[in-house]
Amino acid sequence: MSVMTPYRSGLSAGRDGFAQLLHAEWTKFHTVRGWIIGLVIGLVAMAGLGLFTAGSASSSCQASGGPVRSGAACGLGFALGPAGQPVSDSFYFVRQPLTENGTITVRLTSMTGLLPPSTPPANQSSNGPLDTRPGVEPWAKAGIIIKSSLTDGSPYAAMMVAADHGVRMQWNYTGDTPGLPGAVGPENPRWLRLTRSGDVITGYDSADGTHWTEVGAVTLSGLPRVVQAGLFAASPVDLQSQYCSGDCNGPGGPTQATGVFDHVSAPSRVWTGGYVGAAYASGVGSYHPAGGGLSVTGSGDIAPIPVGHGGQADSAITVSEYLLGTFAGLIALGVVAALFITAEYRRSLIRVTFAASPRRGRVLAAKAVVVATVSFVVGAVAAAFAVLVGTAITHARGYYAAPVSTATEVKVIIGTGLFAAVAAAGALAVGAITRRGAAAVTIVIVALAVPVFLAISRAVPGGAGDWLLRVTPAAGISLQQAYPQYQQVASTVYSPLNGYYPLSWWAGLLVLCGWTAVALGVAAYLLRRRDA
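What counts, and where the lines are drawn
Residues numbered from 1 in each chain as written. Predicted model: local features only at pLDDT ≥ 70, side-chain atom pairs only at ≥ 80, totals over all residues. Heavy atoms only, no water. Core = buried A, V, L, I, M, F, W, Y, C linked by side-chain atoms within 4.5 Å. Buried < 20%, exposed > 50% of the residue type's maximum accessible area, 1.4 Å probe, protein only. Helix = DSSP H or I, 4+ residues; strand = E, 2+ residues; numbered from the N terminus. Contact = heavy atoms within 4.5 Å. Pairing = 2+ DSSP bridges. Expected span 1.5 Å × (residues − 1). Polar contact = N/O pair within 3.5 Å; in protein donor to acceptor, adjacent residues only side chain to side chain. Patch = residues over 30% accessible without salt bridge, like charges linked within 9 Å, V, L, I, M, F, W, Y side chains within 5 Å. Areas by Shrake-Rupley, 256 points an atom, 1.4 Å probe, with all protein chains shown as cover. Salt bridge = Lys/Arg side-chain N within 4 Å of Asp/Glu carboxyl O.

A. Geometry of the nonpolar core. In terms of nonpolar packing, the biggest core is built from 51 residues, with Phe29, Phe327, Leu364 and Phe419 touching the most fellow members. Residue assignment for this core shows that the elements contributing at least two residues are α1 (18-30), α2 (33-56), α4 (326-346), α5 (350-356), α6 (360-396), α7 (406-434), α8 (437-457) and α10 (505-529). Once residues within four sequence positions are removed from consideration, Leu364 is found in contact with Ile341, Leu428, Ala432, Leu520, Ala523, Ala524 and Leu527.

B. Representation of the pairing of strand β5 (residues 141-147). For β5, a buried count of 7 out of 7 residues is recorded, marking the element as mostly surrounded by other parts of the structure. Sheet analysis places β5 next to strand β12 (residues 227-234), joined by 7 bridges and oriented antiparallel. Residue pairing across strands places Ala142 opposite Ala233, the latter belonging to β12.

C. Main features of the side chain of Glu344. As for its position among the elements, Glu344 is in helix α4. Aside from chain neighbours lying at most four places away, what touches Glu344 is Glu25, Lys28, Leu349, Ile350, Thr353 and Lys367.

D. Molecular detail of α6. Helix length check: α6, at 37 residues, gives a terminal C-alpha distance of 53 Å against a target of 54 Å (1.5 Å per residue), a fit within 8%. Backbone geometry just after α6 places Gly398 at a positive phi near 80°.

E. Fine view of the side chain of Thr394. Assignment of secondary structure puts Thr394 in helix α6. In terms of polar contacts, Thr394 uses its side chain to reach the side chain of Tyr322, at 2.6 Å.

F. Looking closely at a nonpolar patch on the surface. Taken together, Val40, Leu43, Val44, Phe376, Val377, Val381, Val410 and Ile414 make up a surface patch of nonpolar side chains, about 610 Å² in accessible area. Mapped by element, the contributors of at least two residues to the nonpolar patch are α2, α6 and α7. Along the chain, the position of Phe376 falls in helix α6. Of the residues examined, Phe376 reaches a relative accessible area of 30% and is grouped as partly exposed.

What follows is the structure in structure tokens.
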């Protein structure tokens, strides 16, 4: 009986690794003209709508011959800080010159204030004196400050007590470090000290004037030999009161604060009092001797101004406006990602795919990598084009663009690419679960676009809108937040309408990745359990 020798092909065995599977899926993807067209539509939608915004947006602050560098020069009521950001720099300042080395020390024994009425009196004239009620605005401030000059927006460092936030060291408008907690009062005074050594300003606080703690040290580069140093008081608008009569700043009403200081130690006994900044508060500023010390009353604020519609820096054009096309582009990318797998079900080609690579979970992973990669490239390129060219257009038109650092621009561009990549992978997973292109696209739109629309349009109460942007895949929009929410500034501008989101960028990315991981896990399970 003869023995049959099995046939052996002379060809070497082909490799069936994940890299080969990726190559096969990429080949499949880029050879379908409709999917490439979908990517182009997504890119054009993202970048084009942003450039349309840049070309059509207007600002009440415009200069001929170049971009606006000073908001105050346009009468907008704000200055530009050392980093070019909009700032409020208005306070009552009792000052004296300070040379390259020196120290100022005070004890703050009390802080009182006045707030506008909660509702307008029936007989209140719009031009008459403003009624008030006792109270201190939570971020009212009184303390000591060293300021480069009396020019709005010039560098400074200050030690202060904020009414509801204890001792703070603040500098150059955005810097903020807490010191001793608690409200100030006769039984709970606060000692404050600032020391200058060249360009370095060091702040200290103490509860008893004997035991001092360093709160912080900052370098204010380029300080002149002689600066202005002294006592100050400021109190921002009251956001709780929607009543504003006369010359008010913001959606609430003007307030004032009075700080009583003693144990004042400074290089000179000669003081000069007056307002720095906006004139709207000049009617309530003063200082006078009080019990061997000084009582200082003032209004206004020393702080950054959040940019956005409805705020004091309303005329600033923001990075968020250049990215308005994101969701139009995401819809196009979501359609392409979903069709990348549902088209194979519709044409029964999925059987061929699984026959060539029986490990179905690996097929899904390869498809996800392909759509995520191309979506990242499209999203990042579109965002870069919209932000960079949009900013150039804004400057060319002479409008004021709210500044962001290069690092922030890069973060927003990469963040948009990540948002697009993870969302596309999620759309692919939904397509694998539903096997229907229309159903998958509908789910993706509802999950990504609808929560953002509801939050921005305020079609739902603010709390509900924020909740949607915390728990739905739309949380990924926080990857595009370009401007910080300052804890030392209370503002009605902080809303999704202006590009301020309830989660940090990394938390939003985690929520989006969590949803996508769940969808991919369910899709992989169903692929293994269901017949192709």
